[in-house]
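What follows is the residue order along each chain.
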Amino acid sequence: MTRKQWRKQAAGCPAMFIDIDYAQVKKYNQNAYGDYFSSKRVPGRVIAVLSDGLGSGIKANILSCMTAIMLLKFIDAGADIKKACEIIMNSLPVCKVRKISYATFSALDCRDDGETHIVEEGNPQFIWIRDGQVLETMPQIVPSETFSKRKMQLYDLKLMDGDRLVFCSDGVTQSGLGSPELRLGLRRDGLIDFVLKKIAVKPDISSRELSKTVVNFAQNTEIDRKAQDDISAVSIYCREPRKSIVFTGPPYHNGQDGKYAALFKEFTGKKAVCGGTTSNILARELNTPVNIKVSFTSGSLPPPMEMEGADLVTEGILTLTRALEYLESPEVVVNEDAAGQLVRFFLESDCIDFWVGAKLNQAHYDPSLPVEIEIRKNVIKKISKLLEEKYIKKVSLQYI
Amino acid sequence: MKQIELKICLGTSCYVMGSSHLHELVDMVPSRFGDIVNVVGHNCLGQCSKNLEAGGPPYVQVDDEIIPDASIEKVLQYLEIKLK
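The text that follows walks through the structure, step by step, so that each part is easy to find. Quantities reported herein were computed from a predicted structural model and do not represent experimental measurements.

### Considering the overall build of chain B
When its secondary structure is counted, chain B shows 3 helices and 4 strands. In chain B, the order of α-helices and β-strands from amino to carboxyl end is β-α-α-β-β-β-α. A compact globule built from 84 residues would reach a C-alpha radius of gyration of about 12 Å, and chain B, at 12 Å, matches this within 12%. Seen through its principal axes, chain B has C-alpha atoms that stretch 35 × 20 × 20 Å. When each of the 84 residues of chain B is scored for burial, the buried share is 49%. Across chain B, contacts joining residues at least 24 apart in sequence account for 67% of those joining residues at least 6 apart. Total accessible area on chain B is roughly 4,200 Å²; 48% of this is exposed by carbon and sulfur atoms. Across chain B, the 7 positively charged side chains and the 11 negatively charged ones have centroids separated by 5 Å.

Below is the structure:
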């Protein structure tokens, strides 16, 4: 592989990254969410569904969960989003008591090049923001064949770098309903106002933070902060990807050390090194010393180190194994130890490229060592799978 | 007198074999020998991959000399003899 090819592959990221996240609040006094959000990142695109189940509590939870997951699987399996939504719309039953459909949904299919298809059935219309302005688009309306009152809206957009989309359930637009200030609730205009102001204050706000603030705002709008309906917000932000590399393990051929060290130096994103020997190799090749920041930490991991040109330098397998544990836990605990810093490094990146040295450390195969010492490749494989599936990152692995 | 540098290896093998306990030396050595010995943690010293016959990890390096199978007592004893 030539250097140019390598750089292209290492850059392996599309020009645009789709940052997607959501936040929810349960209806007051309920113990389950009545809205359900599900998303999946497949090569080249992101698909997502937000569904609002009829009523609230467990019943709504089951209805919205079924709708969202069926629809997501349907689109993921290769069905055209319009066709998939049409079939779901036509088959959603009607509640006998209320005479309306069991669940509403918004579905999204967004490609890396910005081509986006959105289908909405019953949910409030999404908001499309570019350069601090809301863009309005006319939908194509598809009526249901089986239910006379049901119809879905189809939107085809071309997103650009910096664009945002905000989806929400009716809990957001109807928050504050009946209060003296907002007799009709927040409505879409109120939400647009809030989101534009928020973006003006913090132009590069992440999707996670924006969806959280929208949900908090909606809850604060409610009388006594008691949510009258389930509140959910989904935010999408198209931006330049934050690229990073993690260099772990010495390259298989000693002779290649210099080449990889040079590539490491040239890389223009964030850089982490996991491994004592690996950092020694870089220090030798790049002629920069590695220093231990604090001599010892109170935790049970070797402390992180410092090296010019790298954002994070840690010990190898123990830190990686601990980082895997942190990533696996349901709530991300970010301790201040080296593994916690590594987890934060992962979470603050969009595209992570692992350079995994294939050389074995003979010392780790000494049977007198504790069994905690795992095989690097296995740990990295598990970490990359988690980062891809749970944390929706773009991950590539290269064995060097 | 020239200051002695005492490096405690914090590489993977050494760490799991007990160098994590050697951090007590950071307080212990100055109280016993004064400022003449400077105790620091160090990135993998690379001993584990070559020096298996002489003794295993954890390793401590005092100036140019390597102490294998280091323990607090062993290191203190070594310094005792060296500084006599």
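### Here we look at the nonpolar core
Judged by nonpolar contacts, the single largest core of 49 residues is most densely connected at Phe346, Phe354, Ile383 and Leu387 of chain A. Counting 21 residues, the second largest nonpolar core, distinct from the first, contains Ala23, Val166, Leu210 and Ile231 of chain A.

### Points about the environment of aspartate 163 of chain A
Residue and element names in this part refer to chain A. Checked against the element boundaries, aspartate 163 lands in the loop between strand S9 (151-158) and strand S10 (164-168). Remark: the alpha-carbon pair of aspartate 163 and valine 356, spanning 193 residues in sequence, is separated by 35 Å. The contact partners of aspartate 163, leaving out residues within four places of it in the chain, are Trp128, Ile129, Arg130, Lys158, Ile236, Tyr237 and Cys238. Within polar-contact distance, the side chain of aspartate 163 engages the side chain of arginine 130 at 2.8 Å.

### Section: the interface of chain B and chain A
Counting from both sides, the interface comprises 18 residues of chain B and, opposite them, 24 residues of chain A. Buried surface at the junction of chain B and chain A, both sides included, amounts to about 1,600 Å², of which 68% is carbon and sulfur. On the chain B side of the contact with chain A, Thr12, Tyr15 and Asn43 of chain B bury the most area, a combined 36% of that side's loss. Summed over the shared surface of chain B and chain A, the number is 0 salt bridges. Here chain B and chain A share 6 residue pairs in polar contact (both at pLDDT 80 or more) between them. Elements with a minimum of two residues in the side of chain B that touches chain A: helix H1 (12-16) and strand S2 (37-42) of chain B. Of the residues in the side of chain B that touches chain A, the class split is 10 nonpolar, 8 polar and no charged.

Rules used throughout
Residues numbered from 1 in each chain as written. Chains lettered and ligands numbered in written order. Predicted model: local features only at pLDDT ≥ 70, side-chain atom pairs only at ≥ 80, totals over all residues. Heavy atoms only, no water. Helix = DSSP H or I, 4+ residues; strand = E, 2+ residues; numbered from the N terminus. Rg over C-alpha atoms; globule rule 2.2 N^0.38 Å. Buried < 20%, exposed > 50% of the residue type's maximum accessible area, 1.4 Å probe, protein only. Contact = heavy atoms within 4.5 Å. Areas by Shrake-Rupley, 256 points an atom, 1.4 Å probe, with all protein chains shown as cover. Lys, Arg positive; Asp, Glu negative; His and termini not counted. Charge placed at Lys NZ, Arg CZ, Asp CG, Glu CD. Core = buried A, V, L, I, M, F, W, Y, C linked by side-chain atoms within 4.5 Å. Polar contact = N/O pair within 3.5 Å; in protein donor to acceptor, adjacent residues only side chain to side chain. Buried area = accessible area lost by both parts, 1.4 Å probe. Salt bridge = Lys/Arg side-chain N within 4 Å of Asp/Glu carboxyl O. Nonpolar A, V, L, I, M, F, W, Y, C, P; charged D, E, K, R; others polar.

Note that every value here comes from positions in space, so none of it alone points to a role or purpose.
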